[in-house]
Amino acid sequence: MITTAMDNPDTHSGVSNAKLGVWLFLCSEIMLFATLFTSYIVLRTGASSWPWGWDALNVPLGTLNTAILISSSVTIVMAYARAYDKDVKGFRLWMGLTLLLSFAFLVVKGFEYHGEFAKGIWPSTSLFYACYFTLTGLHGIHILGGIVVNSSLLYMSFKKEHWDNPLFLGRVEGAGLYWHFVDIVWIFLFPALYLL
Amino acid sequence: MPDKTAAAPHDAHRPNVRLFAAVFGALLCLTLLTVAVSRLRLERPEAITVGLLIALIKGGLVAAVFMHLWGENTLVHRVLYTVAFFAAFLMTLPILDGHYFVHLLTNPAPVAAQHPDEGH
């Protein structure tokens, strides 16, 4: 039987439609953060002064959050590995750990924000803090989005029908791709705001 | 029509747990390295170059290993390269403003203000 791209577009491209869709979504996210980074570069290079991250922000907490997010990247990829082997308990454990680390990231960020607000520091305080709150705030919203998706997958893992569905593994992989992207964004945000 | 595509692409991406652990260790070491280098208070251009280089290595490791980009489908690579090109072009646009670049080179005041104790 001859199959065409219309019959089975996935085999034509060599990548599933769902996965390609996730990658295209991530591409739009790359451009979103690229525009914000461009604004940051323009504002920073044009400013008459720019504080050193160590003087303006809590670097130890930022470093801790970096370690937390990197760890969560490992736990979610382990959750994918367990899902790949149909290890239900293992998947729940690693996905649960991912969610725990995600909340830990937000709690640490909350402490940071609280410390800054207590000192009377707001986005309107300076260009530096405007960039800091905008970039980390948008990143935090992405963390929240990831928590929603990962929680849904953890919930689905308690129902056998999802494990019988061949699409489930693809969903876990898609969620993992998104989570790793959020990690990569932080990998660039951390030195740009805290260290340089 | 049955979905023939759902399970097929995953075979090429069998998770390698040992590799994940190695990359995890490397990412933590590179994070500590970034923080340590920033304590040296290098001149801004050098600090930005080193910081960006380490961030690129870290991001590359996450993308290549955790996101399975190493050995990923050519179509995904092409799409990503296109977006990466335009993202990089966008971020270098401010530097392409020649007048502004000359202003930066001839006006060291911002750097002195950023690192008050530097060079004194």
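Residues numbered from 1 in each chain as written. Chains lettered and ligands numbered in written order. Predicted model: local features only at pLDDT ≥ 70, side-chain atom pairs only at ≥ 80, totals over all residues. Heavy atoms only, no water.

Asker: Before we move on, could you go through helix α3 (residues 74-96) of chain B and cite the residues and values that matter?
Answerer: An α-helix turns once per 3.6 residues; consequently, residues spaced three or four apart project the same way. Residues and elements named next belong to chain B. When the terminal C-alpha atoms of α3 are compared, their 31 Å separation across 23 residues agrees well with the 33 Å that a helix rising 1.5 Å per residue should span. Residue Leu90 marks the point of greatest curvature in α3, where the axis turns by about 30 degrees; the proline Pro94 follows within four residues. The set of residues buried in α3 consists of Val76, Leu80, Val83, Ala87 and Pro94. With a side-chain oxygen lying 2.7 Å from the backbone nitrogen of Leu75, the N-terminal cap of α3 falls on Asn73. (Helix = DSSP H or I, 4+ residues; strand = E, 2+ residues; numbered from the N terminus. Expected span 1.5 Å × (residues − 1). Bend = angle between axes of the 7 residues up to and from the residue. Buried < 20%, exposed > 50% of the residue type's maximum accessible area, 1.4 Å probe, protein only. Polar contact = N/O pair within 3.5 Å; in protein donor to acceptor, adjacent residues only side chain to side chain.)

Asker: Now, about the packing of aromatic side chains: what can you tell me, with residues and values included?
Answerer: A complete count under the given rule lists 25 aromatic pairs over all chains for this structure. Ring plane angle 10 degrees and centroid distance 5.6 Å describe the contact between Phe117(A) and Phe133(A), whose orientation is recorded as stacked. Remark: Phe133(A) occurs in helix α6 (residues 127-156) and Phe117(A) occurs in helix α5 (residues 88-118); sequence separation between them is 16 residues. Residue class for Phe117(A) comes out partly exposed when judged on its relative accessible area of 32%. For Phe133(A), a relative accessible area of 9% corresponds to the buried category. Geometrically, the ring pair formed by Tyr129(A) and Tyr132(A) is edge-to-face, given 6.4 Å between the ring centres and 85 degrees between the ring planes. On the criterion of helical spacing, the pair formed by Tyr129(A) and Tyr132(A) is a turn pair, its members being three residues apart in helix α6. For the pair Tyr129(A) and Tyr132(A), one class covers both residues: buried. Taking the ring centre of Phe158(A) as reference, the NZ or CZ of Arg92(A) above it sits at 4.0 Å. Taking NZ or CZ as reference, Arg39(B) lies 4.1 Å from the ring centre of Trp54(A), over its face. (Phe/Tyr/Trp six-rings, centres within 6.5 Å; stacked < 30°, edge-to-face > 60°. Lys NZ or Arg CZ within 6 Å of the ring centre and 35° of its normal.)

Asker: I'd like a rundown of the confidence of the model for chain B, residues and numbers included.
Answerer: Residue and element names in this part refer to chain B. On average, residues of chain B score 78 in pLDDT, and 69% of them are at 70 or above. Predicted confidence in chain B is weakest over helix α5 (residues 109-114), with a mean pLDDT of 47, and strongest over helix α1 (residues 17-39), with 94. Ignoring residues within four places in sequence, the model shows residues 1-10, a span with pLDDT below 50, making 17 contacts including any to other chains. This stretch, residues 109-120, has a pLDDT under 50; its non-local contacts, to residues over four places away or in other chains, come to 17 contacts. (pLDDT = per-residue confidence, 0-100. Contact = heavy atoms within 4.5 Å.)

Asker: Outline the interface of chain B and chain A, listing residues and values.
Answerer: Across the contact, 54 residues belong to chain B and 63 residues belong to chain A. Approximately 5200 Å² of surface area, both sides summed, lies buried where chain B meets chain A, with 74% of it carried by carbon and sulfur atoms. Where chain B touches chain A, the interface holds two salt bridges. On the surface where chain B and chain A come into contact, there are three residue pairs in polar contact (both at pLDDT 80 or more). Elements with a minimum of two residues in the side of chain B that touches chain A: α1, α2 (44-66), α3, α4 (98-106) and α5 of chain B. Among the elements that take part in the side of chain B that touches chain A, α2(B) stands out by supplying 11 residues, more than any other. Classifying every residue of the side of chain B that touches chain A by side-chain character gives 34 nonpolar, 11 polar and nine charged. (Buried area = accessible area lost by both parts, 1.4 Å probe. Salt bridge = Lys/Arg side-chain N within 4 Å of Asp/Glu carboxyl O. Nonpolar A, V, L, I, M, F, W, Y, C, P; charged D, E, K, R; others polar.)

Asker: Lay out a nonpolar patch on the surface with the relevant residues and their values.
Answerer: The grouping of Phe85(B), Phe86(B), Phe89(B), Leu93(B) and Leu96(B) at the surface amounts to a nonpolar patch, some 520 Å² of accessible area in total. With respect to the secondary-structure elements, Phe86(B) resides in helix α3. (Patch = residues over 30% accessible without salt bridge, like charges linked within 9 Å, V, L, I, M, F, W, Y side chains within 5 Å. Areas by Shrake-Rupley, 256 points an atom, 1.4 Å probe, with all protein chains shown as cover.)

Asker: Tell me what's going on with the packing of helix α4 (residues 59-84) of chain A against α5(A), and back it up with residues and numbers.
Answerer: Residues and elements named next belong to chain A. It is the contact of α4 with α5, at a shortest axis distance of 8 Å, that shows an interaxial angle of 165 degrees. Taken together, the axes of α4 and α5 are roughly antiparallel relative to one another. Note that α4 runs across α5; the crossing there is left-handed. Here the residues of the contact of α4 with α5 are counted per class, giving 17 nonpolar, seven polar and three charged. (Axes fitted to C-alpha atoms, helices over the stretch in contact; angles between N-to-C directions. Parallel < 35°, antiparallel > 145°, perpendicular 65-115°, else oblique. Left-handed = near helix turned anticlockwise from the far one by under 90°.)

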